[in-house]
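# A look at the structure
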Amino acid sequence: MRQLALIAHDSRKDDLVAFVVRHAALLQDFPIVCTGTTGLRILESSAGLQIERVRSGPLGGDQQIGARIAEGRICGLIFFIDPLTPMPHDVDVKALTRLAALYDIPMALNPSTAAMLISSGLLERERALSQDAETGQ
Ligand code: PGA
């Protein structure tokens with residue numbers, strides 16, 4: 001099953017944790033991939049989620065998730081960006097969002113859009129697709 005990618009810059013991590021807690025029922029058992037520090041923060045506050053962590057964003061994690069988009073392994077991207085602080089890895093963030101646009105991956109950069117994404121039926125469709133693949137339909 002394709003993964004949902006969750007990332008937040010430092011000043012937005014509390015917002016992402018709150019978002020995940022609010023939507024924990026939907027996210028339960030859904031495969032999630034996070035950049036390193038974001039994943040750690042979510043794991044500390046939301047037990048029971050299925051989270052894989054790649055490297056921290058500034059150390060290449062954004063690029064790892066971008067590569068997964070190119071490989072067709074990501075169904076959606078929720079990335080709470082910090083719009084007020086320049087980042088040393090700005091180019092990585094831009095590359096990741098460029099790939100999400102290129103491959104037409106649903107992408108939310110703030111909580112209100114993320115709420116729309118998660119309530120759109122995307123995760124349910126992914127689950128159904130993977131069940132069909134398993135049963136050969
Ligand atoms: P982090 O990376 O989850 O390791 O903090 C996020 C980012 O800054 O891209």
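Residues numbered from 1 in each chain as written. Predicted model: local features only at pLDDT ≥ 70, side-chain atom pairs only at ≥ 80, totals over all residues. Heavy atoms only, no water.

Compared with the 20 Å implied by 1.5 Å per residue over 14 residues, the 20 Å span of helix H7 (residues 122-135) between its first and last C-alpha is a close match. If you check which residues of H7 are buried, you get Leu-122, Leu-123, Glu-126 and Ser-130. Buried residues along H7 cover an arc of 100 degrees about the axis, so they all sit on one side. Of the exposed residues in H7, those oriented more than 90 degrees away from the buried face are Gln-131 and Thr-135. If you follow the buried residues of H7, they end up packed against strand S1 (3-8), helix H2 (24-27), strand S4 (74-80) and helix H6 (111-118). Backbone geometry just after H7 places Gly-136 at a positive phi near 75 degrees. (Helix = DSSP H or I, 4+ residues; strand = E, 2+ residues; numbered from the N terminus. Expected span 1.5 Å × (residues − 1). Buried < 20%, exposed > 50% of the residue type's maximum accessible area, 1.4 Å probe, protein only. Arc of directions from axis to C-beta. Contact = heavy atoms within 4.5 Å.)

Near the ligand you find 15 residues, and of these Lys-13, Thr-35, Thr-38, Ser-56 and His-89 are the closest. Taken by itself the ligand offers 280 Å² of open surface, and the protein chains cover 96% of this. The set of elements that each furnish at least two residues to the shell around the ligand consists of S1 and helix H3 (36-45). With three residues, H3 is the largest single contributor of residues to the shell around the ligand. Across the shell around the ligand, the residue classes break down as four nonpolar, eight polar and three charged. (Near = heavy atom within 4 Å. Areas by Shrake-Rupley, 256 points an atom, 1.4 Å probe, with all protein chains shown as cover. Nonpolar A, V, L, I, M, F, W, Y, C, P; charged D, E, K, R; others polar.)

The backbone of Asp-29 shows a phi angle near 70 degrees, a positive value even though the residue is not glycine. Looking at where Asp-29 falls in the secondary structure, it is placed in the loop between H2 and strand S2 (32-34). Judged by its relative accessible area of 54%, Asp-29 falls in the exposed class. Even without being glycine, Asp-104 reaches a positive phi, approximately 55 degrees. Structurally, Asp-104 can be placed in the loop between helix H5 (90-102) and strand S5 (107-108). Judged by its relative accessible area of 67%, Asp-104 is exposed.

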